[in-house]
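A structural walkthrough
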Amino acid sequence: MADKEAEFREQFHDAFEGADYPVSNPMDLVPALPDGPGTRFEAGDTSFTAMELATKMSDTQDFPYDDVDSLVDDLVEGLKQKDML
């Protein structure tokens, strides 16, 4: 499980580090994504697009985010809460 978490952390960081922080909502992150909302994150047998992630994590995120690390921490924590990780 820790390997999957590390893989997602790295993918999220790579995908979202180019955003113009601070970000105040999920739409602020879209320009940073290599394939926009269709950007896919995969680790092990778990896979979802950025759009699916935004939809599923909408109640676990606490916008605004001042940096990529706090965003990634909340995304990983949200995946754990929803038994997706």
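Whatever comes next refers back to the structure up there.
Structural notes, computed from the coordinates. (Residues numbered from 1 in each chain as written. Predicted model: local features only at pLDDT ≥ 70, side-chain atom pairs only at ≥ 80, totals over all residues. Heavy atoms only, no water.)

1. As for the pattern of salt bridges
What counts, and what does not: Here, a salt bridge means any side-chain nitrogen of Lys or Arg that lies within 4 Å of a carboxyl oxygen of Asp or Glu. Put simply, DSSP H or I for four residues or longer makes a helix, DSSP E for two residues or longer makes a strand, and each gets a number counted from the N terminus. Only protein chains enter the accessibility calculation, which uses a 1.4 Å probe; a residue whose area is less than 20% of its type maximum is buried, one above 50% is exposed, and one in between is partly exposed.
Here the structure, examined in full by the defined rule, presents five salt bridges. Across the pair Asp 45 and Lys 4 runs a salt bridge whose closest N-O atoms are separated by 3.0 Å. Of the two residues, Asp 45 sits in the loop between strand E1 (40–43) and strand E2 (46–49) while Lys 4 sits in helix H1 (residues 2–16), which places them 41 residues apart along the sequence. With relative accessibility at 71%, the residue Asp 45 sits in the exposed group. With a relative accessible area of 17%, Lys 4 lands in the buried category. Two residues, Lys 82 and Asp 59, come together in a salt bridge whose shortest N-O distance is 3.1 Å. With Lys 82 in the segment after helix H3 (68–81) and Asp 59 in the loop between helix H2 (50–57) and H3, this pair connects stretches of sequence that are 23 residues apart.

2. Topic: unusual backbone geometry
At the junction of Tyr 21 and Pro 22, the peptide bond is cis and its omega measures out at 0° in the coordinates. Unlike most non-glycine residues, Asp 83 shows phi in positive territory, near 55°. Residue position: Asp 83 is located in the segment after H3.

3. Observations regarding the nonpolar core
Rules: Nine residue types can take part in a nonpolar core, namely buried Ala, Val, Leu, Ile, Met, Phe, Trp, Tyr and Cys, and a core is a set of them joined through side-chain atoms within 4.5 Å.
With 24 residues, the main nonpolar core has Phe 12, Phe 16, Tyr 21, Phe 41 and Leu 79 as its most contacted residues. For this core, the secondary structure elements donating two or more residues are H1, E1, H2 and H3. With six residues, H3 is the single largest residue contributor to this core.

4. Examining the layout of surface pockets
How we decide: Think of a 1 Å grid over just the protein atoms. A cavity is a set of points where a 1.4 Å probe fits yet cannot get out, a pocket is an open set with protein on both sides within 12 Å along at least five of seven lines, and lining residues have an atom within 4 Å of a point. Grid points are joined across faces, edges and corners, and a volume is the space filled by probe spheres set on the points. Three classes are used: nonpolar for Ala, Val, Leu, Ile, Met, Phe, Trp, Tyr, Cys and Pro, charged for Asp, Glu, Lys and Arg, and polar for all others, with Gly counted as polar.
Of the volumes computed, that of the largest pocket is approximately 180 Å³. The wall of the largest pocket is formed by 13 residues, among which Pro 26, Val 30, Ala 50, Met 51 and Ala 54 lie closest to the centre. Of the residues assigned to the lining of the largest pocket, the class counts are 12 nonpolar, one polar and no charged.

5. Here's the deal with the side chain of Thr 60
To keep it simple, the criterion reads: Contacts: residue pairs with any heavy atoms within 4.5 Å of one another.
Tracing the chain through its elements places Thr 60 in the loop between H2 and H3. Taking relative accessible area as the criterion, Thr 60 reaches 16% and is therefore assigned buried. Apart from the residues within four sequence positions on either side, Thr 60 is in contact with Asp 74, Gly 78, Gln 81 and Lys 82.

6. A closer look at a negative patch on the surface
What counts here: Only residues whose relative accessible area exceeds 30% and that take part in no salt bridge are eligible for patches, with like-charged residues grouped when within 9 Å of each other and nonpolar side chains (Val, Leu, Ile, Met, Phe, Trp, Tyr) grouped when within 5 Å. We get accessible surface area from the Shrake-Rupley algorithm with a probe of 1.4 Å; when it comes to residues, only the shown protein chains can shield them. In this count, Lys and Arg are taken as positive residues and Asp and Glu as negative ones, while His and the chain termini are left out. The atoms used to mark charge sites are NZ of Lys, CZ of Arg, CG of Asp and CD of Glu.
Taken together, the side chains of Asp 3, Glu 7, Glu 10, Asp 14 and Glu 17 present a region of like negative charge at the surface. Note on Asp 3: relative accessible area 62%, which makes it exposed.

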